[in-house]
Amino acid sequence: MNIAENLQKIKSQINKAEKTAGRNENSVKLVAVSKFHPVEEIEEAIKNGQLLFGENRVQEAVQKFTQLKEKYPDIVLHIIGQLQSNKVKNAVKISECIQSVDRLALVEEIEKQCAKINKKIDILFEFHTGEESKSGFEKEEDIEQILEMIKNGNFPHINPKGFMTMAPFTQEQSLIKKSFSMLKNLQAKMQQKFPEFELSELSMGMSNDFETAIAEGSTMVRIGTAIFGARNYQA
Ligand SMILES: *Cc1c(COP(=O)(O)O)cnc(C)c1O
């Protein structure tokens, strides 16, 4: 696996997709998803200019990123996987953004743990748009309720930045597109209802479908396999 080459290739594919979609160059951020990949491979990416990473398991993230952040203070970590409440304490310590916020109880726990360490954290609301595992909010009213609570000052350590989704794993382009446009529509609606927030981030698109996601308005693609190669789940 040549991580430097892969990064370069992905970036030029992103730029091309931005151009095709009539979007500004570098308007789409690249989150390098390093789950199941060792520190040495992450360092390889950092040395090639990649500073934004995603991990989906908190324990693994703490193990790898505690040392990495000491060595490279500029790197930024987003938690992108389903988050149990008892992992929130460590999650908010190690990361700058929780992309996988999927319930009110999680928002409450994030607030509690951030208050303790006096840290303000970014969050994205994960919305279920058709992917098989059904992670994310199912109802937009639930997201609306939380935004209302943030607006009313309930969660002063939480900074809502936008939305995240996963498309279904399918070859069917129309289904993938539908999933991404659903998230875009949700964003437009919520942004209109809550002009006091900047809900501009749309985290959508992975190794298989990021070009479609960019065409549909993604501002952040989360790419693992195409950068680091296949994951070894046995390790
Ligand atoms: C693993 C993962 C990714 C990256 O998937 P690839 O197909 O390897 O690019 C993106 N988003 C989430 C939420 C993930 O869990």
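**Q** Would you explain the pattern of salt bridges in this entry?
**A** Pairs can form between side chains of opposite charge once their charged atoms are near each other. For the structure on display, the rule yields twelve salt bridges. One salt bridge in this structure joins Arg 103 and Asp 102, with 2.8 Å as the shortest N-O distance. Given a relative accessible area of 12%, Asp 102 falls into the buried group. Glu 144 serves as the salt-bridge partner of Lys 193, at 3.1 Å between the closest nitrogen and oxygen. Here Glu 144 lies in helix α6 (residues 140-151) and Lys 193 lies in helix α7 (residues 173-193), a separation of 49 residues in the sequence. We classify Lys 193 as partly exposed; its relative accessible area is 40%. In this structure, a network of salt bridges that share partners links the residues Glu 55, Arg 57, Glu 60 and Lys 64.

**Q** Which parts of the structure should I look at to understand the site of the ligand?
**A** As a structural note, the neighbourhood of the ligand is formed by Val 33, Lys 35, Asn 56, Ile 80, Met 166, Met 206, Ser 207, Arg 222, Ile 223, Gly 224, Thr 225 and Arg 231. One of the side-chain nitrogen or oxygen atoms of Lys 35 is found 2.7 Å away from an oxygen atom of the ligand. Across the complex, the protein chains shield 93% of the 390 Å² of accessible surface that the ligand would expose by itself. Class assignment of the residues belonging to the shell around the ligand gives a composition of five nonpolar, four polar and three charged.

**Q** How should helix α5 (residues 104-117) be read in this particular structure?
**A** In an α-helix, one turn spans 3.6 residues, which is why side chains three or four residues apart end up on the same side. Its 14 residues give α5 an end-to-end C-alpha distance of 21 Å, which sits within 8% of 20 Å, the value for a rise of 1.5 Å per residue. For α5, every residue scored as buried is listed here: Leu 106, Val 107, Glu 109, Ile 110, Glu 111, Gln 113 and Cys 114. Positive phi appears at Asn 118, one or two residues downstream of α5, with a value of about 55°.

**Q** How should α6 be read in this particular structure?
**A** With twelve residues, α6 extends 16 Å between its outermost C-alpha atoms, agreeing within 8% with the 16 Å of an ideal straight helix rising 1.5 Å per residue. Those residues of α6 hidden inside the fold are in contact with α5, β5 (121-126), β6 (158-164) and α7. Taken from the residues just after α6, Gly 153 is the one with a positive phi, measuring 90°.

**Q** Quick question: what am I supposed to make of the packing of aromatic side chains here?
**A** One pair of aromatic rings is described through two measures. These are the centre distance and the angle between the planes. This structure, assessed with the given rule, holds five aromatic pairs. An angle of 35° between the planes, with centres 6.0 Å apart, marks the rings of Phe 125 and Phe 163 as tilted. Highlighted residues: Phe 125 in strand β5 and Phe 163 in strand β6, separated in sequence by 38 residues. Both residues of the pair, Phe 125 and Phe 163, belong to the buried class. Clustering of aromatic rings is evident, with ring pairs tying together Phe 125, Phe 137 and Phe 163.

**Q** So what exactly am I meant to see when it comes to the environment of Gln 59 here?
**A** Mapped onto the elements, Gln 59 comes out in helix α3 (residues 58-71). For Gln 59, a relative accessible area of 57% puts it in the exposed group. Expressed as a C-alpha distance, the spacing of Gln 59 and Thr 20, which sit 39 residues apart in the sequence, is 39 Å.

Rules and cut-offs
Residues numbered from 1 in each chain as written. Predicted model: local features only at pLDDT ≥ 70, side-chain atom pairs only at ≥ 80, totals over all residues. Heavy atoms only, no water. Salt bridge = Lys/Arg side-chain N within 4 Å of Asp/Glu carboxyl O. Buried < 20%, exposed > 50% of the residue type's maximum accessible area, 1.4 Å probe, protein only. Helix = DSSP H or I, 4+ residues; strand = E, 2+ residues; numbered from the N terminus. Near = heavy atom within 4 Å. Polar contact = N/O pair within 3.5 Å; in protein donor to acceptor, adjacent residues only side chain to side chain. Areas by Shrake-Rupley, 256 points an atom, 1.4 Å probe, with all protein chains shown as cover. Nonpolar A, V, L, I, M, F, W, Y, C, P; charged D, E, K, R; others polar. Expected span 1.5 Å × (residues − 1). Contact = heavy atoms within 4.5 Å. Phe/Tyr/Trp six-rings, centres within 6.5 Å; stacked < 30°, edge-to-face > 60°.

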